[in-house]
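A closer look at the structure
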Amino acid sequence: MLVRFLKSLWGRARPTPPILLRVTDPSGAPPPVLDVETRWRPSGQRGERSVRTADGLALVPWLAEQEEVELVVRGAHGTATVTVLRASAGGPTLPVRLEGPHRAG
């Protein structure tokens, strides 16, 4: 029984690390608050949340069993769209530069 338990611990796949974004606005300043929309593939599941950044850093947890995510990141001074593949998740911080004026709606 103990052997089966230990095998189950080691046999589990590691969860995909979260995505760490380093966001700057068009002037190069870190935005204090972001709205982040997610669209996961292949499921098509969507999500939306507001996050406070730490000097422009924002964390997006990976949704289990998904192969990629499209992120729409909005700040007070711009928007950016980024696609991240599961294979590249957990790498270095992903730089995101917001472009153009923020558009409501």
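The preceding data block contains the structure.
I will try to describe carefully the structure that is included in this document. (Residues numbered from 1 in each chain as written. Predicted model: local features only at pLDDT ≥ 70, side-chain atom pairs only at ≥ 80, totals over all residues. Heavy atoms only, no water.)

1. Here we look at the sheet that holds strand β2 (residues 33-41)
In space, the four strands of this open sheet follow the order β3-β2-β5-β6, with antiparallel pairing throughout. Each end of this open sheet is capped by a strand with a single partner; those strands are β3 (46-52) and β6 (78-85). Across the sheet, the mean angle separating the axes of adjacent strands is 20° when strand polarity is ignored. (Pairing = 2+ DSSP bridges. Helix = DSSP H or I, 4+ residues; strand = E, 2+ residues; numbered from the N terminus. Axes fitted to C-alpha atoms, helices over the stretch in contact; angles between N-to-C directions.)

2. Here's the deal with the pairing of β3
With seven bridges connecting them, β2 and β3 associate as antiparallel partners. Directly across from Glu37, in β3, lies its bridge partner Glu48. Taking the residues between adjacent antiparallel strands as the criterion, β2 and β3 are bridged by four residues, where Gly44 takes a positive phi near 80°.

3. Quick look at the nonpolar core
With 19 residues, the main nonpolar core has Leu21, Leu34 and Leu71 as its most contacted residues. Of all the secondary-structure elements, those providing two or more residues to this core are β1 (19-24), β2, β4 (57-60), β5 (68-75) and β6. Those residues in contact with Leu34 that lie beyond four places of it in its chain are Val23, Arg49, Ser50, Val51, Thr53, Ala58, Val73, Arg74, Gly75 and Leu98. (Core = buried A, V, L, I, M, F, W, Y, C linked by side-chain atoms within 4.5 Å. Buried < 20%, exposed > 50% of the residue type's maximum accessible area, 1.4 Å probe, protein only. Contact = heavy atoms within 4.5 Å.)

4. Regarding the side chain of Thr38
Here Thr38 lies in strand β2. A polar atom in the side chain of Thr38 sits 3.4 Å from the side chain of Trp40. (Polar contact = N/O pair within 3.5 Å; in protein donor to acceptor, adjacent residues only side chain to side chain.)

5. Quick notes on unusual backbone geometry
For the bond from Arg41 to Pro42, the omega torsion is 20°, close enough to zero to count as cis. Its location among the elements puts Pro42 in the loop between β2 and β3. Phi is positive for Asp55, close to 55°, though the residue is something other than glycine. Position of Asp55 among the secondary structure elements: in the loop between β3 and β4. According to the relative accessible area criterion, Asp55 is exposed, its value standing at 57%. A positive phi angle, near 65°, is found at Glu65, a position not held by glycine.

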